Amino acid sequence: DRSPAEWDFEMGARMTRRVGRVAITGALLLLAAPSASISPAGAHGMRVLPRLRGGSDKGGQRRGWSEDAGQKLGSTSTRDPSLRTQSPSEIRGPGEIPKDMELMRAAAMRAASPPRSFPVLEELRSTISPPRSTIPEEMTASPSGERAGSAASKLAAGSGSVTTGSWSKLDAAKSQLQEVLSANSKLEEQVTDLAASYEKLAKSYGVGSFKPTRTASYSCLNDIVLTEPEVFSGEEEVPEGPVTFEPKPAQKELMQDKIDEALTKSLQDFEPEEEDEMCAPEDRLTIIIASSEVAPFSKSGGLADVCDKLGNALSRMGHRVMTVAPLYWKYDGVANTGVSKEFGVSGQKMRIEYWHKFRETVPAKGERAAQGVDHVFVQQGCYERHGMYGHNDDLQRFTLLSWAALEAPFAVNCGGSVYGDNVVFLVNDWMVGLIPLIMTSHYRRYNCYQNARTVFNIHNMGYCGNFPKPPPESLGLPNGDFYDKLFHDNQIKLLKGGIELADRVVTVSPTYREEIITAEGGFGLQDSCRGRFNQLDGILNGIDVEEWNPATDTFLSAQFQGFDNFYSAEDITGKAAAKAHLQDTMGLNKDPDVPIICFIGRLAFQKGIDVIEAVFPWLMNGDQQGVTGHVQVVMMGTGDEKPASFLRNAENNNKGKVASFVGFTQELEHKIIAGADILLMPSRYEPCGLPQMYAQRYGTIPVVHSTGGLRDSVIQFDPFTDEGTGWKFDRCDGEGLKYGLWNALNTYKNHKDAWAKLVTRAMSADFSWKRSAKRYIEVFNWARMDPPFQRPHPFHQDG
């Protein structure tokens, strides 16, 4: 019994409610998208919107997805006008339809024809919205159609079945409908902004890559993500008009160029005179390096460098080396071996495939074959995601990697033969911490790997691989032997299993070996570490002495500085030019005599940025001796917002004396290290640390807290014997930092000759991976001399 006008209004309201449900559901879907399992292939078809202004930090550093999207929710003023949602007045045709019908028709048109196209929302809308054929013809006919005109005339005249009560009821409902449409329009704009952020993330899949999130497991600073595609800078202009961006293959090629450049450089770094240091054939070992990442293919921190540089150094010594890591995306030159395996993990059969790439480190010469590293990759869909860590099924993913690494020496033919079971496994950190357990409880009980040994490498005790207790069958261990070695605090810790079941254990510095057996440094596992003290060693990590070489550093060349500012321990004049370039680049006052103090690191409590903040007024205001005050400070890092605010305020309040950059770039890191005079590292704990070694290579004197690798790599300066390479302080607080920093500044300003000798000694220190590789070979041989740490009874087999 409803009139046409009431029916039109009812249908418009229904359509509006459906649009609201679509928009809300779409928003929830987009918010949940980053934690979902998304394969790269599934995002190729997504359209990428033009970049919004202000959508990136300076320096091209990408913010986290949720942060980026959250910021954009509150601002729509910078969006391209051509992409905004059309208002009802813009949808309205010629003057045939009154405003009452205009609102109703706009509601129906919004439900039937979305103003912009998003694949995810279109698919969702198709499941919720009714087919267009179900909408009354009055709503879908053209503005000049007869049905629309009929309905309009009835409304205009107020005749027919439209009573006076109906008019008042219609006015009230119309007001409500306008509010709904207004709210819905705002919601759609928010959904659009979320979708733009989501599709920008999908663009990384579109180039066949992923954006790994930096794992917090490594305190060594090296935030360069080689597997990340290039991103737009915040200064790019937004194109006018409705422009659709397609994924650019050039970006994938650029990432692959970085990998190829690193591989080529590794071969060029080998010097023929180093042949004399190759081991005799009878002393050569077969080594498997298992890790969740390996440079230059995948990298989020120092772990990737350990596996890469150490593997190269061992190979150049004549050892046969294989690395095993996940295949996060298809790297050029990596070939499918055709070998696959199935493992029973988490109650299901999971099939993996092995991929392989041989990386030459020593070219062939005469009758001697080329030396190199066999990079073996484990391909499975669970690794092809946004980020290497932080997924809900990480236990399953890394359990699968551990099983695959143990099968690789038997399954993958490398250079005409498999590696076999007479090998040494270097197991890196908690991600592959199940390898010693699986070898002990499974392989050795089948009389396999009897001559093999496992060496577990601890990178940071603060990250143990904690997970709820699953049944042992979900880890592929049907009888659960040695499963209790993982238990701690009513959960399992993969790091604990590696420590207690490996044949030997190493840390990334000698001092860190002493610290992890204490309550302060053991993070609850000090008893496990203390129980392995006789098999526990510390080996200081190395650095790439070719990349970090002031005599050849690309970032000191005319391409980046206008002039070639190279220098060495024999001729240090280029450092003054690098200092002048840094002052000019960072907006500091040009003064060749003022000492430049720098900090480069994550803005986190562990790194002691709050200690620098505590002494900052003392440093800038000066003292009676004139040691402090006349200084310049350069700080760079990413992390927590509170220390980031300190960096910004320090620069704003001290223009010309302080320069800060909240972010990270490789170029700026090299320029700061080269141009500064003093490096601050007040870390509360530091398993190894890299910047203090970089700094010494460039004649930048470190002032560090005496902990972990900082203590091992910096020699305390003694003015009476004229020895040392820097300053160390024992108390990680303001007074401790003042002690080290004051002495460094006093020597720089008042004892020029002592400072010059100090710089020369620091630049002559040996931090090469060759030195570290020799120590690892010692540990491997010690492991082979001893019987396995755990010798389980073998399974009885009939026949």
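Residues numbered from 1 in each chain as written. Predicted model: local features only at pLDDT ≥ 70, side-chain atom pairs only at ≥ 80, totals over all residues. Heavy atoms only, no water.

As for the overall build of the chain
Going by this rule: Helix and strand labels come from DSSP, where a helix needs a run of H or I of at least four residues and a strand needs a run of E of at least two; each type is numbered from the N terminus. For each residue, the accessible area found with a 1.4 Å probe, counting protein chains only, is set against the maximum for its type, and the residue is called buried under 20%, exposed over 50%, and partly exposed in between. Any pair of residues with heavy atoms lying within 4.5 Å of one another is described as a contacting pair. Computed by Shrake-Rupley with a 1.4 Å probe, the accessible areas treat only the displayed protein chains as cover when residues are assessed.
When you go through the chain residue by residue, the secondary structure sums to 26 helices and 18 strands. By residue count, 57% of the 799 residues in the chain fall in the buried class. When contacts within the chain are restricted to residue pairs at least 6 apart in sequence, those whose partners lie at least 24 apart make up 74%. Summing over all exposed atoms, the chain offers an accessible surface of approximately 33000 Å²; the carbon and sulfur share of this is 50%.

Digging into the sheet that holds strand β9 (residues 487-488)
Short version of the rule: Strand pairing requires that DSSP identify at least two bridges connecting the strands. Axes here mean lines fitted to C-alpha atoms, for a helix over just the part in contact, with angles spanning 0 to 180 degrees between N-to-C directions.
Taken in spatial order, the three strands line up as β8-β10-β9 in an open sheet, and their pairing is antiparallel. On the outer flanks of this sheet lie β8 (466-467) and β9, each paired with one strand and no other. With two bridges connecting them, β8 and strand β10 (residues 491-493) associate as antiparallel partners. Its bridge partner lying in β10, Asn-466 is registered against Lys-493. Contacts from helix α13 (residues 494-501) reach β8, β9 and β10 within the one sheet, and its direction differs from that of β10 by about 55°.

Some remarks on the pattern of salt bridges
Test applied: One speaks of a salt bridge when a side-chain nitrogen belonging to Lys or Arg is within 4 Å of a carboxyl oxygen belonging to Asp or Glu.
The full count for this structure, using the stated rule, is 28 salt bridges. Note that Asp-308 and Lys-309 form a salt bridge whose closest N and O atoms lie 3.5 Å from each other. One salt bridge in this structure joins Arg-445 and Asp-481, with 2.0 Å as the shortest N-O distance. One end of the pair, Arg-445, is in the loop between α12 (435-443) and β7 (453-458); the other, Asp-481, is in the loop between β8 and β9, and 36 residues separate them in sequence. Bridged by salt links that share partners, the residues Asp-308, Lys-309, Arg-359 and Asp-544 form one connected network.

Comments concerning the sheet that holds strand β15 (residues 658-662)
Taken together, six strands build an open sheet; the order of strands is β15-β14-β13-β16-β17-β18 and the sheet is parallel. Whereas interior strands pair on both sides, the edge strands pair on one side only; in this sheet they are β15 and β18 (727-729). Put simply, the sheet's adjacent strands are angled 15° from each other on average, direction ignored. As judged from the three bridges shared by strand β17 (residues 701-705) and β18, these two strands associate in the parallel manner. Looking across to β18, one finds that Val-704 is bridged to Lys-728. Those strands touched by helix α24 (residues 734-750) are β13 (596-600), β16 (678-681), β17 and β18, and its axis lies near 160° from that of β18.

Overview of the environment of Pro-595
Within the fold, Pro-595 resides in the loop between α18 (573-586) and β13. Assessed through its relative accessible area of 0%, Pro-595 is described here as buried. What Pro-595 contacts, discounting residues up to four positions off in sequence, is Lys-579, His-630, Val-631, Gln-632, Asp-677, Leu-745, Tyr-748 and Lys-749.

So, the layout of surface pockets
The rolling of a water-molecule-sized probe over the atoms marks out the regions of remaining empty space. Stated formally: Every definition here rests on a 1 Å grid over the protein atoms only: cavities are sets of points where a 1.4 Å probe fits but cannot get out, pockets are open sets enclosed by protein on both sides within 12 Å along at least five of seven lines, and lining residues have some atom within 4 Å of a point. Grid points are joined across faces, edges and corners, and a volume is the space filled by probe spheres set on the points.
By volume, the second largest pocket is sized at about 480 Å³. What lines the second largest pocket is a set of 18 residues, and nearest its centre among them are Lys-575, Ala-576, Asp-677, Tyr-748 and Trp-755. Contributions of two or more residues to the lining of the second largest pocket are made by α18 and α25 (752-763).

What to know about the packing of α18 against helix α21 (residues 666-675)
For the record, the criterion: Any angle that falls under 35 degrees is termed roughly parallel, while one over 145 is termed roughly antiparallel, one within 65 to 115 roughly perpendicular, and all others oblique. With the far helix as reference, a near helix turned anticlockwise by less than a right angle produces a left-handed crossing, and one turned clockwise produces a right-handed crossing. Think of it as three bins: nonpolar holds Ala, Val, Leu, Ile, Met, Phe, Trp, Tyr, Cys and Pro, charged holds Asp, Glu, Lys and Arg, and polar takes everything else, Gly as well.
For the pair α18 and α21, the least separation of the axes is 8 Å and the interaxial angle reads 125°. One element, α18, and the other, α21, form an angle in the oblique class. Seen along the crossing, α18 lies across α21 with a hand that is left-handed. On α21, the residues that touch Lys-575, Ala-578, Lys-579, His-581, Leu-582 and Met-586 of α18 are Leu-668, Lys-671, Ile-672, Ile-673, Ala-674 and Gly-675. Classifying every residue of the contact of α18 with α21 gives seven nonpolar, two polar and three charged.

Section: the pairing of strand β5 (residues 371-379)
Burial within β5 is extensive, with nine of its nine residues counted as buried. For strand β2 (residues 320-326) and β5, the ladder comprises six bridges, and the chain directions are parallel. Directly across from Pro-326, in β5, lies its bridge partner Val-378.

Examining unusual backbone geometry
Between Ala-295 and the following residue, Pro-296, the backbone shows a cis peptide bond with an omega angle of 0°. Tracing the backbone shows Pro-296 in the loop between β1 (286-290) and α10 (302-316). With a phi close to 70°, Asp-429 is a non-glycine residue in the positive phi region. Inspection of the secondary structure assignment puts Asp-429 in the loop between β6 (424-428) and α12.

As for the nonpolar core
Basically, it comes down to this: For the purposes of this section, nonpolar cores are sets of buried Ala, Val, Leu, Ile, Met, Phe, Trp, Tyr and Cys residues that join through side-chain atoms within 4.5 Å.
Tyr-354, Tyr-449, Met-461 and Phe-780 are the most contacted members of the largest nonpolar core, which totals 100 residues. The element contributing the most residues to this core is helix α11 (residues 394-411), with ten residues. Met-461 has contacts with Leu-495, Ile-499, Tyr-512, Ile-516, Gly-521, Gly-522, Phe-523, Leu-525 and Cys-529, leaving out every residue within four places of it along the chain. The next biggest cluster of nonpolar side chains, apart from the first, holds 73 residues, and it includes Leu-540, Ile-596, Ile-673 and Trp-755.

Some remarks on the packing of aromatic side chains
The criterion, for reference: Stacked, edge-to-face and tilted labels apply to pairs of Phe, Tyr and Trp rings (six-membered ring for Trp) whose centres lie within 6.5 Å, assigned for plane angles under 30 degrees, over 60, and everything in between, in that order. A ring has a charge above it when a Lys NZ or an Arg CZ is no more than 6 Å from the ring centre and no more than 35 degrees off the ring normal.
For the structure on display, the rule yields 24 aromatic pairs. Seen in terms of ring centroids, Trp-329 and Tyr-331 are 5.2 Å apart; in terms of plane orientation they differ by 70°. Their pairing is edge-to-face. The burial state of Trp-329 is the same as that of Tyr-331; both residues are buried. Aromatic rings pair up to connect Phe-343, Trp-403, Phe-410, Phe-425, Tyr-443 and Tyr-449 into one cluster. Across the ring face of Phe-533, the terminal group of Arg-513 is positioned such that the distance to the ring centre comes to 4.1 Å.

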